[in-house]
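Analysis of the macromolecular model
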Amino acid sequence: MDVEQHETCGETKSAINSWRYRHHFTYKADQGKNIIVQCNLCLPRVNLLSTSKTSTSNLKKHLDRTHLGCEARPDAKRGRKKEECNGEESRHCQLKKIKAEIISKCLTQSKIDDLIFSFIVEDCQSFYVLEQPGFKKLVAGLTEGLKVMDRVTLFTKVDHGLSRMREELLAKLSSIQYVCTTADIWTANDRSFFGMTCHWIDPESLERKSAALGFPRLQGSITYDSIAGRIHDTHVAFNIESKVQTTVADNASPFVGVFREFAPDSQERDDDFGFFENVSGVLEGEPEQDMLLFLPPVRRCASHTLVQIVAEDFWQAILQGPMCQLHYSSMTKVFSVWSKCHHLQVGMGAAEEIGSMALVVPSVICWNVEYCAVQKIVSLSERELTELCARLEVPRLQPEEMAFLKEYVTVFHPLAFALELFQAEQKCYLGLVIPTVLSLKNKLNEQKDAASYFGDVIGTIVEAIDVRFQEFFSSTEARIATATTPQFRLWWMPASEREEMCALLAAEASQMEPRDAAEANTSRSLSTIKSEDDFFSYGSAKTSIQIQPRGVTEEIRRYVEGTGKSLECLQDFPRVKQLFLKYNTTLPSTAPIQRLFSQKGNLMSSQRNFLTDDYFERVQLLRYNSSVCPLVTE
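The subject of this paragraph is the overall build of the protein chain. When helices and strands are tallied, the protein chain shows 25 helices and eleven strands. Within the protein chain, buried positions represent 47% of all 634 residues. Residue pairs in contact within the protein chain that sit at least 24 positions apart in sequence constitute 69% of those at least 6 positions apart. For the protein chain, the accessible surface area stands at approximately 32,600 Å², while carbon and sulfur atoms represent 50% of it.

Here helix 8 (residues 255-262) lies mainly inside the structure; six of its eight residues are buried. Taken together, the buried positions of helix 8 are Phe255, Val256, Gly257, Val258, Phe259 and Phe262.

One pass over the structure, following the stated rule, counts 23 aromatic pairs. Between Tyr408 and Phe412 the ring centres are 5.4 Å apart and the planes differ by 55 degrees, which places this aromatic pair in the tilted class. For Tyr408, a relative accessible area of 2% translates into the label buried. For Phe412, a relative accessible area of 2% translates into the label buried. Across from the ring centre of Phe117, 5.8 Å away, lies the NZ or CZ of Lys157, which sits over that ring. Sitting over the ring of Tyr615, Arg618 keeps its end group 4.8 Å from the ring centre.

A few words now on the packing of helix 4 (residues 109-122) against helix 25 (residues 613-624). Where helix 4 meets helix 25, the axes come as close as 9 Å, and the angle between the chain directions of the two elements is 100 degrees. It follows that helix 4 is roughly perpendicular to helix 25 by the angle criterion. On helix 25, the residues that touch Phe117, Val121 and Glu122 of helix 4 are Val619, Leu622 and Arg623.

Another aspect to go through is the pattern of salt bridges. In this structure the tally under the stated criterion is 19 salt bridges. Linking Arg164 and Glu168 is a salt bridge whose minimum nitrogen-to-oxygen distance equals 3.1 Å. Within this pair, Arg164 and its partner Glu168 are both found in helix 6 (residues 151-174), separated by four residues, close to a single helical turn. The partly exposed category is assigned to Arg164, whose relative accessible area is 21%. For Glu168, a relative accessible area of 23% puts it in the partly exposed group. With a shortest N-O distance of 3.4 Å, Arg479 and Glu497 are connected by a salt bridge. Pair noted here: Arg479 is in helix 20 (residues 476-483) and Glu497 is in helix 21 (residues 495-510), with a separation of 18 residues, a long-range link.

Turning next to unusual backbone geometry. With the exception of glycine, the majority of residues adopt a negative phi angle, and the majority of peptide bonds are in the trans configuration. The omega torsion of the bond from Leu43 to Pro44 falls at 5 degrees, within 30 degrees of zero and hence cis. With respect to the secondary-structure elements, Pro44 resides in the loop between strand 2 (34-39) and strand 3 (48-52). Notably, Leu206 is not glycine yet its phi reads approximately 60 degrees, a positive angle. Relative to the elements of secondary structure, Leu206 occurs in the loop between strand 5 (191-201) and strand 6 (208-214). One non-glycine residue, Asn239, adopts positive backbone phi at about 55 degrees. Checked against the element boundaries, Asn239 lands in the loop between helix 7 (224-237) and strand 8 (244-249).

Burial within strand 8 is extensive, with five of its six residues counted as buried. Taken together, the three bridges between strand 4 (residues 179-188) and strand 8 define a ladder with parallel strand orientation. Opposite Thr181, over in strand 8, you have Thr247 as the bridge partner. Bridge count for strand 8 against strand 11 (residues 298-300) is three bridges, and the pairing is parallel. Each residue of the ladder has a partner; that of Thr247, found in strand 11, is Val298.

By the element assignment, Leu415 lies in helix 16 (residues 413-422). When the C-alpha positions of Leu415 and Leu440 are compared, they lie 6.5 Å apart, and in sequence the two are 25 residues distant.

Take the side chain of His327 next. With respect to the helices and strands, the residue His327 is situated in helix 11 (residues 324-343). Residues in contact with His327, not counting those within four places in the same chain, are Phe314, Trp315, Ile318 and Phe404.

We now examine the nonpolar core. Ranked by size, the top nonpolar core spans 88 residues in total, and within it Phe314, Trp367, Tyr408, Phe412, Phe454, Ile461 and Phe469 carry the most contacts. If one sorts the elements of this core by residue count, helix 10 (residues 302-320) sits on top with seven residues. In terms of nonpolar packing, the next biggest core, distinct from the first, is built from 60 residues, Phe117, Met165, Leu295 and Ile593 among them.

This part takes up the sheet that holds strand 1 (residues 25-31). Read across the sheet, three strands follow the order 1-2-3 without closing on themselves; strand pairing throughout is antiparallel. Each edge of the sheet is formed by a strand with only one pairing partner; in this case those strands are strand 1 and strand 3. Between one strand axis and the next, the sheet turns by 30 degrees as a mean value, whatever way the strands run. With five bridges connecting them, strand 2 and strand 3 associate as antiparallel partners. Considered in strand 3, the bridge of Asn34 is made with Ser52. Across the face of the sheet, helix 2 (residues 57-66) comes into contact with strand 1, strand 2 and strand 3 while running at roughly 135 degrees to strand 3.

Here we take up the side chain of Thr484. Its place among the elements puts Thr484 in the loop between helix 20 and helix 21. Classification of Thr484 by relative accessible area gives buried; the value is 1%. If sequence neighbours within four positions are ignored, Thr484 has contacts with Leu505, Tyr559, Leu570, Val576, Leu579, Phe580 and Asn584.

The next point concerns helix 20. The α-helix winds at 3.6 residues per turn, so residues separated by three or four positions along the chain end up facing the same way. Among the residues of helix 20, those classed as buried are Ala478, Ile480, Ala481, Thr482 and Ala483. The secondary structure elements touched by the buried residues of helix 20 are helix 17 (433-448), helix 19 (470-473), helix 21, helix 22 (552-561) and helix 23 (574-584).

Summarising the element assignment, Phe417 is placed in helix 16. Judged by relative accessible area, Phe417 falls into the partly exposed class, the value being 23%.

Scored by pLDDT, the protein chain has a mean of 78; 75% of the residues are at 70 or more. Under a pLDDT of 50 for its full length, residues 8-12 has, in the predicted model, twelve contacts with residues more than four places off or in other chains. Below pLDDT 50 for its whole length, residues 516-530 participates in 18 contacts with residues either more than four positions away or in separate chains.

Reading guide: rules and limits
Residues numbered from 1 in each chain as written. Predicted model: local features only at pLDDT ≥ 70, side-chain atom pairs only at ≥ 80, totals over all residues. Heavy atoms only, no water. Helix = DSSP H or I, 4+ residues; strand = E, 2+ residues; numbered from the N terminus. Buried < 20%, exposed > 50% of the residue type's maximum accessible area, 1.4 Å probe, protein only. Contact = heavy atoms within 4.5 Å. Areas by Shrake-Rupley, 256 points an atom, 1.4 Å probe, with all protein chains shown as cover. Phe/Tyr/Trp six-rings, centres within 6.5 Å; stacked < 30°, edge-to-face > 60°. Lys NZ or Arg CZ within 6 Å of the ring centre and 35° of its normal. Axes fitted to C-alpha atoms, helices over the stretch in contact; angles between N-to-C directions. Parallel < 35°, antiparallel > 145°, perpendicular 65-115°, else oblique. Salt bridge = Lys/Arg side-chain N within 4 Å of Asp/Glu carboxyl O. Pairing = 2+ DSSP bridges. Core = buried A, V, L, I, M, F, W, Y, C linked by side-chain atoms within 4.5 Å. pLDDT = per-residue confidence, 0-100.

Spelled out as structure tokens, the structure:
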């Protein structure tokens, strides 16, 4: 009886049963923990061998010593699968060891701590994630045994990161000549925070740079004195009090009153400067000390001005016009669709299934978001919109209401585009405001005659634009900022005013000391900004000015007669470049400070209530400034 037959009979079970050389042996008998077999290769000589039931090492040694060569061959049908699996396991172990060696060389505990620190800060994660068992297993599995740092270590890294960030930011700002700041107050969960951001243009690359300066909590009553003190202290802390060209604030915020009270050029005060009195110090019996405040000029937010035109002047024109009822019925039905999609998952699913797109639902009262949502509704076909209203069980839009909404989207698309330009940050300058407003008026007037529903409303909006943006058109700083922007130069001005503007530019440029005194390369290749050319339209691009070619005047003449629209061409005109840096450092809107507030993310939740106000501010600053000052040094 050979080994395989003996296995079938169930007389014994041993390691030899799955051995790939078992066909060379015949089972004879059991002997305790061993079995007795006859070697078939030794026949006709009787050669009984004893081997353990759990091992075939004796038999393998016999084959290697006695029948080494062609006699002892493995059976291709027996035992191959297990040995192949054993081989795969062996290779897997080898690869695992190699991987562990690579990880041990590339990843250290310090490196893992830095990566976790970046993960927590950049994604605004809860500090409690460090104590989650699943997160600990994840890190240990990916790093072959390295541990997750505790919260004490994380707090220490936040402190060190903030100190390093402040040092780097101070070093960057020390070499900058002109900066602009934005400021606002944000309130949530019965806590108020004062936010301030700083912006400048890199003199070499002409790229916009931004950084957050502070996000402290405001304690007690929010008064003009406390806000002015915060602004002054923040500017002094970063040594930029003499570099700030202007501070941009919302039109309806208390900052306008603060700067009217304390700004040096205020017309309502006879003093040259405002004074800040420490009220708490007086109440506590401390000696009275007046702090001299240096507050820069304030600039109203252009994007907020546009929103005010829509929120106030547009609605006033609608309410007083014949389209009031039609507008009310149309928007009521649209809002019912948004409400169903926002509160019912089946509603959003139906919108995605029918329209093959995610329907925009304006969860925040903001006109440009509402405009995009109406645009999505209008883009649906009549069949899709009818099916959607039926699925959501809301009233269906009538043909006249759809025509009203389509004209609404068409007529006010330039206004939405202008608002999007103002809310940008990287490519948004003070010199963008005047050409954008002029182009917006032209685009609206072009559609006035063809409009069936909004003819009178367009006229009201154009008049509101003239009134609300008069401050920008009468501002010398805004006009110089526009003239020194290569995309616009003097093309937006009437021909009769261009000579006067050239004289003003020459006078300003003569006072500038360009940092780069090298000769300009007039053969520089210039690029154009094609994506916005269709929007801006303000008259002929040809100038008829004749300027005497002499020094600064020659540089201004060559700049005015140029056609390049890229900022790169400013490298050819050193003095014009300096004027651009001085006047276009100012932002036209407060969008950056709003983005700082929107980064609160997951921090303001029950799991993060243990964060003190100081650490809340530090995390916000580290996160916002990560693009300027990296969280982790290489």
